[in-house]
Amino acid sequence: MERLAQKKGMIFDLDGTLLDSMWIWDEVDRRFLAKRGIALPPDYMEAVNALEFSQAAAYTISRFALEDSPAALIREWTELSRQAYACEIRLKPGAKAYLARLRQNGIRLGVATSSARELFVPALKNNGIYDCFTAFATTKEAGKGKDFPDVYCLAARRLGLGPSECAVFEDTLTGLKGAAAGGFLTVGVYDAFSTAAQAAVMQASNLYIKDFLELI
């Protein structure tokens, strides 16, 4: 905790870290298929999770003999996701209070995410925390995924800080390793959807928390 208290900046992943949002992808698929009178098969998510967006669309059309074009299917998925992020996604326990405390203490707050702005901006605004952050960085902007430190370094630069002056909060092993490679202090955050990798996440973290209430 002492090392964390010495940092001038905190950089947060969103999905699974600040936002309790990982459930939404199963739900979007369930809603999409339900509109067509199809129940979500138990093996569907495992099949599409390994595919790129366009490949998942093609797979879905083929598997269920749909008349949708891949482009139309992707547009519908995107709109269902946007609506859910704007109205249904909530924060992890203690997240809002912890961000408020950091701001009161003059800590600079940033976001490093793989999510698209059209999804995460409405979610942050709906939960009243968008204005807590002074820097946003996406993996699309950084040009590399979270297995590299680039997105965290970009967020730090936008905060006007170096990696050694910042901590990164992440729920995934990939993100924690990427941040550590950039020289950041890493804070692992529990998420139910990462339970299978929890031991590895804990080991890869300089500090591990069950929720943000521990830090308040």
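Cut-offs applied
Residues numbered from 1 in each chain as written. Predicted model: local features only at pLDDT ≥ 70, side-chain atom pairs only at ≥ 80, totals over all residues. Heavy atoms only, no water. Phe/Tyr/Trp six-rings, centres within 6.5 Å; stacked < 30°, edge-to-face > 60°. Lys NZ or Arg CZ within 6 Å of the ring centre and 35° of its normal. Helix = DSSP H or I, 4+ residues; strand = E, 2+ residues; numbered from the N terminus. Disulfide = S-S within 2.5 Å. Buried < 20%, exposed > 50% of the residue type's maximum accessible area, 1.4 Å probe, protein only. Axes fitted to C-alpha atoms, helices over the stretch in contact; angles between N-to-C directions. Parallel < 35°, antiparallel > 145°, perpendicular 65-115°, else oblique. Left-handed = near helix turned anticlockwise from the far one by under 90°. Contact = heavy atoms within 4.5 Å. Pairing = 2+ DSSP bridges.

**Q** Can you help me understand the packing of aromatic side chains in this one?
**A** Working definition: an aromatic ring pair is given by the centre-to-centre distance plus the angle between the planes. The tally for this structure, following the rule as stated, stands at 14 aromatic pairs. Within the aromatic cluster, the residues linked to one another by ring pairs are Phe-12, Tyr-98, Phe-120, Tyr-130, Phe-133, Phe-136, Phe-169 and Phe-212. One residue, Arg-36, lies across the ring of Phe-32, its end atom 3.8 Å from the ring centre. A cation over a ring is seen here: Lys-210 above Tyr-190, with NZ or CZ 3.6 Å from the ring centre.

**Q** Sorry if this is basic, but what is going on with the environment of Ala-5 here?
**A** For Ala-5, the position within the fold is in helix 1 (residues 2-5). For Ala-5 and Asp-29, which are 24 residues apart along the polypeptide, the C-alpha to C-alpha distance reads 41 Å.

**Q** What should I look at first to understand the state of the cysteines in this one?
**A** Disulfide: a covalent bond connecting the sulfur atoms of a pair of cysteines. Enumeration according to the criterion identifies zero disulfides in this entry. In this structure Cys-166 is not part of a disulfide, and its nearest cysteine sulfur, from Cys-153, lies 9.4 Å away. On the basis of relative accessible area, Cys-166 is assigned to the buried category, the value being 0%.

**Q** Would you mind showing me how to read the packing of helix 2 (residues 24-34) against helix 5 (residues 70-87) here?
**A** To characterise two packed helices, one gives the angle between the axes of the helices and the distance between these axes. The interhelical angle for the contact between helix 2 and helix 5, taken along N-to-C directions, is 125°, at an axis separation of 10 Å. When the interaxial angle is binned, helix 2 and helix 5 end up oblique. When the axes of helix 2 and helix 5 are compared, the crossing they make is right-handed. Every residue of helix 5 that contacts helix 2 at Ile-24, Trp-25, Val-28, Asp-29, Arg-31 and Phe-32 is listed here: Leu-73, Glu-76, Trp-77, Leu-80, Ser-81, Ala-84 and Tyr-85.

**Q** What is the right way to read the pairing of strand 7 (residues 185-189) from this model?
**A** Along a regular strand, successive side chains alternate from one face of the sheet to the other. The buried fraction of strand 7 is high, at five of five residues. The alternating pattern of strand 7 places Leu-185, Val-187 and Val-189 and Thr-186 and Gly-188 on opposite faces, both of which are buried. Bridge count between strand 6 (residues 166-170) and strand 7: four bridges; the pairing is parallel. Directly across from Val-168, in strand 7, lies its bridge partner Thr-186.

**Q** Would you mind going over the pairing of strand 4 (residues 108-113) with me for this structure?
**A** Most of strand 4 sits inside the fold, with five of its six residues counted as buried. In the sheet, strand 1 (residues 9-12) pairs with strand 4 via four bridges, with the strands oriented parallel. Its bridge partner being in strand 4, Ile-11 is matched across the sheet by Gly-110. Alignment of strand 4 against strand 5 (residues 135-138), held across four bridges, turns out to be parallel. Considered in strand 5, the bridge of Gly-110 is made with Ala-135.

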